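Structural features, examined
Here's the letter readout for the chains.
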Amino acid sequence: MRSVFTDGVLDCLIDNNIDILNVFGISAASKDMVYYPLHQKLFAYKANVSAMSDPNVYNMSNVLLGKSVFDREYFVSHIRDKEFPYNISDIVNSDFNLYIGATNINTGKIEYFDKNFSPIDDAITASCSVPVLFPTVKINNNEYLDGGICENIPFQEAIRRGFKKIIVVTTREKGYRDKINKEDPKEFFFKMKYRNYPKLLSLLENLETNYNNEMDLLDKLEEEGKVFVIRPTSTKSFDRFEQDLEKLSNLYNDGYNTCQRNIEKLFNYLK
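Note that the structure is a prediction, hence the values are computed from the model and not measured. (Residues numbered from 1 in each chain as written. Predicted model: local features only at pLDDT ≥ 70, side-chain atom pairs only at ≥ 80, totals over all residues. Heavy atoms only, no water.)

In this section: the packing of helix H4 (residues 72–83) against helix H6 (residues 120–128). For the pair H4 and H6, interaxial distance at closest approach is 12 Å and the crossing angle is 125 degrees. When the axis of H4 is compared with that of H6, the two are oblique. At the point where H4 passes H6, the crossing takes the right-handed sense. Across from Arg72, Val76 and Arg80 in H4, the residues of H6 making contact are Asp121, Ile124 and Thr125. (Axes fitted to C-alpha atoms, helices over the stretch in contact; angles between N-to-C directions. Helix = DSSP H or I, 4+ residues; strand = E, 2+ residues; numbered from the N terminus. Parallel < 35°, antiparallel > 145°, perpendicular 65-115°, else oblique. Left-handed = near helix turned anticlockwise from the far one by under 90°. Contact = heavy atoms within 4.5 Å.)

This is the structure:
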């Protein structure tokens, strides 16, 4: 749950009265960013910690039963809506725009749903649906999975839409690149589960290469001063579905503190 780093960054922006009116989110970040326009500090982080601490929400053994490792319905009804609710109407009626990216498994292309899409939870669930471990999400007769299959970080969509000042939050340290291993066991599961979706399967078979190319482009844009990037100090030994509360807290604090250390540079960039 590396998105807790993003939670720290967003909370720092709230504390510094920085309102970024166009917010793009993919994968876990899409469920966290809804609190930012409402200035609900700590809600995203605490919701993540509660989710990862509750076996009713996160349970890897569910895969053996053909179920999702993350029970989204239980999370929404027992944790989010009870303890950390947000009002989508308040976001719709605000000046903020949200863009949530999910991968269409038939076309193999990413699609972005904005704040006016209803129900917004369907878009968020689709964006967070990790291949194999999560079921596809049906929206308007199409099926979707994790937006990160197409684009790990939505800075390219911001560029396509013509934005000139782009803050990019990554959840990996500078210089990190995925190892490419064509004999990775997950390749077998991809082919078994998605053999009838050739465009999706092509993306899945090239996840590491596409990610590395995307990071190369991000580094180049950063060097050219076209984007402002906020990265964690280190995510070594931090699991994708991390449950260690101390590690989660440390990564959240790293997000907040890294943003705060660079706050003057950020203000200058945004001028």
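Still more ground to cover, so stick around.
Direction of pairing for strand E2 (residues 97–104) relative to strand E5 (residues 142–146): antiparallel, over a ladder of 3 bridges. The partner of asparagine 104 across the bridge, within E5, is tyrosine 144. Sheet topology places strand E4 (residues 137–139) next to E5; 3 bridges connect them, and they run antiparallel. Directly across from lysine 138, in E5, lies its bridge partner glutamate 143. Taking the residues between adjacent antiparallel strands as the criterion, E4 and E5 are bridged by 2 residues, where asparagine 140 takes a positive phi near 50 degrees. (Pairing = 2+ DSSP bridges.)

Note that tyrosine 176 resides in the loop between strand E6 (166–169) and helix H8 (186–193). By relative accessible area, tyrosine 176 is classed as partly exposed at 23%. Sequence separation between tyrosine 176 and asparagine 212 is 36 residues; the distance between their C-alpha atoms is 8.5 Å. If near-sequence neighbours (up to four positions away) are discounted, tyrosine 176 is found in contact with Tyr211 and Met215. A polar side-chain atom of tyrosine 176 sits 2.8 Å from a polar atom in the side chain of aspartate 178. (Buried < 20%, exposed > 50% of the residue type's maximum accessible area, 1.4 Å probe, protein only. Polar contact = N/O pair within 3.5 Å; in protein donor to acceptor, adjacent residues only side chain to side chain.)

For any two helices packed against each other, one specifies the inter-axial angle together with the distance between the axes. Two numbers describe how helix H3 (residues 43–53) lies on helix H11 (residues 245–261): the axes approach to 11 Å, and their chain directions differ by 160 degrees. When the interaxial angle is binned, H3 and H11 end up roughly antiparallel. Crossing of H3 against H11: the hand is right-handed. Of the residues in H11, those in contact with Tyr45, Val49, Met52 and Ser53 of H3 are Leu245, Leu248, Ser249 and Tyr252.

This paragraph deals with the packing of aromatic side chains. The relative placement of two aromatic rings is captured by the distance of their centres and the angle of their planes. Within the structure shown, the criterion is met by 16 aromatic pairs. Both rings, one in phenylalanine 43 and one in phenylalanine 84, keep their centres 5.8 Å apart while their planes meet at 75 degrees; by these two values the pair is edge-to-face. Note that phenylalanine 43 is positioned in helix H3 and phenylalanine 84 in the loop between H4 and helix H5 (88–92), a separation of 41 residues in sequence. The exposure class assigned to phenylalanine 84 is buried, which follows from its relative accessible area of 8%. Between tyrosine 176 and tyrosine 211, the ring centres sit 6.1 Å apart and the planes meet at 70 degrees, which makes this aromatic pair edge-to-face. Linking tyrosine 176 in the loop between E6 and H8 with tyrosine 211 in helix H10 (residues 207–223), this pair joins segments that are 35 residues apart in sequence. In this structure an aromatic cluster arises from ring pairing among Phe24, Tyr99, Tyr112 and Phe163. Taking NZ or CZ as reference, arginine 172 lies 4.1 Å from the ring centre of tyrosine 176, over its face. (Phe/Tyr/Trp six-rings, centres within 6.5 Å; stacked < 30°, edge-to-face > 60°. Lys NZ or Arg CZ within 6 Å of the ring centre and 35° of its normal.)

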